[in-house]
Each structure stands twice: as structure tokens, then as C-alpha cells.
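Per-entry structural report
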Amino acid sequence: MRVEDLDLGDVVYAAHNIINDGSMPGSDPGELLAEQGSRGVIVMKGHIEEDQNRYIFLVRFEDRELNLGRPIGCWSDDLKLSTTVN
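Not measured: the values here are computed from a predicted model.

Rules behind the numbers
Residues numbered from 1 in each chain as written. Predicted model: local features only at pLDDT ≥ 70, side-chain atom pairs only at ≥ 80, totals over all residues. Heavy atoms only, no water. Helix = DSSP H or I, 4+ residues; strand = E, 2+ residues; numbered from the N terminus. Rg over C-alpha atoms; globule rule 2.2 N^0.38 Å. Buried < 20%, exposed > 50% of the residue type's maximum accessible area, 1.4 Å probe, protein only. Contact = heavy atoms within 4.5 Å. Areas by Shrake-Rupley, 256 points an atom, 1.4 Å probe, with all protein chains shown as cover. Lys, Arg positive; Asp, Glu negative; His and termini not counted. Charge placed at Lys NZ, Arg CZ, Asp CG, Glu CD. Pairing = 2+ DSSP bridges.

What the protein contains, in helices and strands, is zero helices and seven strands. If you list the helices and strands of the protein from N to C, you get β-β-β-β-β-β-β. Taken over C-alpha atoms, the radius of gyration comes to 12 Å for the protein, in line with the 12 Å a tight globule of 86 residues would show. In terms of principal-axis extent, the alpha carbons of the protein reach across some 35 × 25 × 25 Å. Out of the 86 residues belonging to the protein, those deemed buried represent 28%. Excluding contacts between residues fewer than 6 apart, the proportion of contacts in the protein whose partners are at least 24 apart in sequence is 45%. When the accessible surface of the protein is summed, it comes to about 5600 Å², and 47% of that surface belongs to carbon and sulfur atoms. Considering the protein, the positive charge centre built from 8 side chains and the negative charge centre built from 16 side chains are found 4 Å apart.

Structural data, given as C-alpha cells:
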């Protein structure tokens, strides 16, 4: 299964540290949004208008106390299906 085939409610993991590139409101640019390996749940899925094969996911990742954080926009390559890092 590919990340692109996942849908709302599916569990994913951060493929790497996800850092705010400046597009996340309420966070400083460069701020760590999700640590590599953090578990998250997909809460919304869409694609960019110019390329319907380029998916973007809103994911709520767990923090160290297992609380779900606010939704973070992620590209497919930001996500993995397991905690195994290739």
C-alpha cells in the first residue's frame, strides 16, 4: 500500500522531522512540528489543483504524552506507513 492510497482516519508516521517552512500559522518558521517516527492520524486529504496526483494530507500527530496536536499539512513524502525508517 502507498501513502497516497490512505484516507481519513488512517494512521501514519512522520518519515522525518517535520519543520515549519513558514506556511504553518501560529508557529515560527523553523519550528519542529512533528518528530521523526511520531504517530499521527489523517484528518483530511486533498490534492493540489495543478497536479491531481500530488496529494496533501492534514495529519494530527501525537506528542510525547500521546496527545493529538493540531493538524499539520504534509506531502506524501513526509509520511510513512510504519515506524521503520529506510
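There is more to say, and it comes next.
Bringing the sheet that holds strand 5 (residues 51–61) into the picture now. Taken together, the five strands give an open sheet; going across it, the order is 6-5-4-1-7, and neighbouring strands pair in antiparallel fashion. The open sheet terminates on both sides in strands that have one partner only, identified here as strand 6 (72–75) and strand 7 (79–80). As defined by bridge partners, strand 1 (residues 11–14) adjoins strand 4 (residues 39–48) across three bridges and the pair is classed as antiparallel. Across the sheet, residue valine 12 finds its bridge partner in strand 4, namely glycine 40.

Read these as spatial facts, not as claims about activity.
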